[in-house]
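# Structural features, examined
Next come the chains, spelled out residue by residue.
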Amino acid sequence: MKKGKKLIAIITSMIMIMSTITGCGKNRMMFGTGGSAGTYYSYGGVVAQYITNHAGVKVTAVSSGGSKANIQSIQDGDFQLGFTQSDVMAYAWDGTKSFEKDGGTHDFRVLGGLYAETVQIITMDKNIQSVEDLRGKSVSIGEAGSGVYFNAIDVLEAAGITLDDIKPQYQSFEASKEALKDGMIQAAFIVAGAPTTAINVDGEFRDKILASCPYYAPLQIPADTYPGQTEPVETITVKATVIVSANLDEDTVYNMTAAIFDNADAIAVENAKGKELSLENATEGMAAPFHKGAARYYAEHGIIVNTEE
């Protein structure tokens, strides 16, 4: 009889352990960020912590290949959340540009934009004061096929400039900085947070880009962001955006959205990018539909967003 009770106790314990493991497996979500030295990774760790603590699901931030890789990993079911630039997200949804060869995907939905990634043109040449001044110059337009490359093409096309009108250099941000210092190039496109010495992308020129490319939003870099910059700089921005699997249920995504934006002040203490958390930033400039759970949260705060394909 004692052996029977002991056996029952062992089986019961095993069932409880297996139930716990299974439950954790169901509730655990992988959050694709970016390289381990970048903002996506560090900020993603903070966001994952707040979702875990306040949304009833365990989220783990993992290093990844960035925007395109995160979208594809959600498509494959390896990630349930991911960071992406809002423009790369639009390419994925429409199957264009960096997704033209691999094909588009509708397996994700928007949770919200978190902070601005500013499209800037940096230069050390005082004679370059506008995009038009890039004609005939050696200009880094980002690595071939990268997000920066397509941002550069959008800006140049709006100015009526083709790659034949400049001397294009296909360089990373780090390589561009060194080339600028060494005088090998005269200007470089980058997509990053300010400060970075920038040329205005403003007026009718900016309006033309915003009209033709809905994944951009306007942005003003305040005066004195850079040494010697006494006037504000007008430009455009894409958003560092959190997307989620379209398969996640509405209540879960609602709780995840609330976990981020209800705790914006606390997140800002842990990461400087948290200062940009706002419902306006979250919902502006998105060319793909929102998850219904996120849309419910924004609707409760007076903002209606698109959830339709």
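This section reports on the structure supplied with the text. Remember, it's a predicted structure, so these values are computed and weren't measured experimentally. (Residues numbered from 1 in each chain as written. Predicted model: local features only at pLDDT ≥ 70, side-chain atom pairs only at ≥ 80, totals over all residues. Heavy atoms only, no water.)

### Details of the environment of E250
Stated precisely, the cut-off is as follows: Helix numbering and strand numbering both begin at the N terminus, where a helix is a DSSP run of H or I of at least 4 residues and a strand a DSSP run of E of at least 2. Accessibility here uses a 1.4 Å probe with only protein chains present; expressed as a share of the type maximum, an area under 20% marks a residue as buried, one over 50% as exposed, and anything in between as partly exposed. Here, residues are in contact when the closest pair of their heavy atoms is within 4.5 Å. Side-chain atoms alone can form a polar contact between residues adjacent in sequence; in general such a contact is a pair of N or O atoms within 3.5 Å, and within protein one must be able to donate a hydrogen while the other accepts it.
With respect to the helices and strands, E250 occurs in helix α8 (residues 250-261). Accessibility expressed as a relative area gives 35% for E250, which makes it partly exposed. Placed 44 residues apart in sequence, E250 and A294 show a C-alpha to C-alpha distance of 7.8 Å. In contact with E250, other than residues within four places in its own chain, are H291, K292, G293 and R296. At 3.0 Å, the side chain of E250 forms a polar contact with the side chain of R296.

### Points about the nonpolar core
The criterion, for reference: What is meant by a nonpolar core is a set of buried Ala, Val, Leu, Ile, Met, Phe, Trp, Tyr and Cys residues, joined one to another through side-chain atoms within 4.5 Å.
In this structure, I51, L114, L134, F189, M256, F261 and Y298 are the most contacted members of the largest nonpolar core, which totals 85 residues. Looking at this core element by element, the count peaks at 8 residues for helix α5 (residues 147-158). Setting aside residues no more than four positions away along its own chain, I51 makes contact with G56, V57, V59, L81, M256, A259 and I260. In terms of nonpolar packing, the next biggest core, distinct from the first, is built from 6 residues, A179, L180, A188 and I190 among them.

### Things to note about unusual backbone geometry
If you check the backbone angles, K97 has positive phi at about 50° while not being a glycine. Take K97: it is sitting in the loop between α4 (86-94) and β4 (108-123).

### Regarding the packing of aromatic side chains
Filter applied, for reference: In this analysis, rings of Phe, Tyr and Trp, with Trp reduced to its six-membered ring, are considered paired at centre separations within 6.5 Å, and the interplanar angle assigns stacked below 30 degrees, edge-to-face beyond 60, and tilted for intermediate values. Either the NZ atom of lysine or the CZ atom of arginine qualifies as a charge over a ring when it sits within 6 Å of the ring centre and within 35 degrees of the ring normal.
The full count for this structure, using the stated rule, is 15 aromatic pairs. Look at Y40 and F83: their rings are 4.6 Å apart centre to centre, the planes differ by 15°, and that puts the pair in the stacked class. Here F83 lies in strand β3 (residues 81-85) and Y40 lies in helix α2 (residues 39-54), a separation of 43 residues in the sequence. The burial state of Y40 is the same as that of F83; both residues are buried. Ring geometry for Y297 versus Y298: centroids 5.8 Å apart, planes at 80°, classification edge-to-face. Taken together, the ring pairs in this structure connect Y91, Y149, F150, Y170, Y215 and Y216 into an aromatic cluster. Over the aromatic face of F99 sits the side chain of K68, whose NZ or CZ is 5.3 Å from the ring centroid. When the ring centre of Y254 is taken as reference, the NZ or CZ atom of R296 above it lies at 4.4 Å.

### Points about the pairing of strand β2 (residues 58-62)
Counted only if it meets this: The pairing criterion is simple: DSSP has to find at least two bridges between the two strands. Here, the term right-handed applies to a crossover whose path from the first strand over the helix to the second runs clockwise when the strands point away from the viewer.
Here 5 bridges tie strand β1 (residues 28-32) to β2, and the two strands are oriented parallel to one another. Paired with M29 across the two strands is V59, which belongs to β2. Once the chain exits β1 it traverses α2 before rejoining the sheet at β2, and the crossover so formed is right-handed.

### Overview of the layout of surface pockets
The condition that has to hold: Every definition here rests on a 1 Å grid over the protein atoms only: cavities are sets of points where a 1.4 Å probe fits but cannot get out, pockets are open sets enclosed by protein on both sides within 12 Å along at least five of seven lines, and lining residues have some atom within 4 Å of a point. Grid points are joined across faces, edges and corners, and a volume is the space filled by probe spheres set on the points. Classification convention: Asp, Glu, Lys, Arg as charged; Ala, Val, Leu, Ile, Met, Phe, Trp, Tyr, Cys, Pro as nonpolar; all other residues, Gly among them, as polar.
Put simply, the largest pocket is a space of about 820 Å³. Around the largest pocket, the lining is made up of 30 residues, and of these Y40, Q85, E117, V148 and V191 lie nearest the centre. Taken together, the elements giving at least two residues each to the lining of the largest pocket come down to α2, α3 (67-76), β4, α5 and β7 (187-192). Per element, the largest residue contribution to the lining of the largest pocket is 4 residues, and it comes from β7. Among the residues forming the lining of the largest pocket, the class breakdown is 10 nonpolar, 16 polar and 4 charged.

### Details of the pattern of salt bridges
Selection rule: Criterion for a salt bridge: a side-chain nitrogen of Lys or Arg within 4 Å of a carboxyl oxygen of Asp or Glu.
Applying the stated criterion across every chain yields a total of 9 salt bridges. Across the salt bridge formed by E178 and K181, the nearest N and O atoms sit 3.3 Å from each other. Residue E178 and its partner K181 are both found in helix α6 (residues 173-181); the two are separated by 3 residues, about one turn of the helix. Judged by its relative accessible area of 39%, E178 falls in the partly exposed class. Look at K181 and you get exposed, because its relative accessible area is 55%. The shortest N-O distance in the salt bridge between D251 and R296 comes to 2.6 Å. One end of the pair, D251, is in helix α8; the other, R296, is in helix α11 (residues 292-300), with 45 residues separating them in the sequence. Residue classification places R296 among the partly exposed positions, given a relative accessible area of 28%.

The values reported here are purely geometric and, on their own, carry no functional implication.
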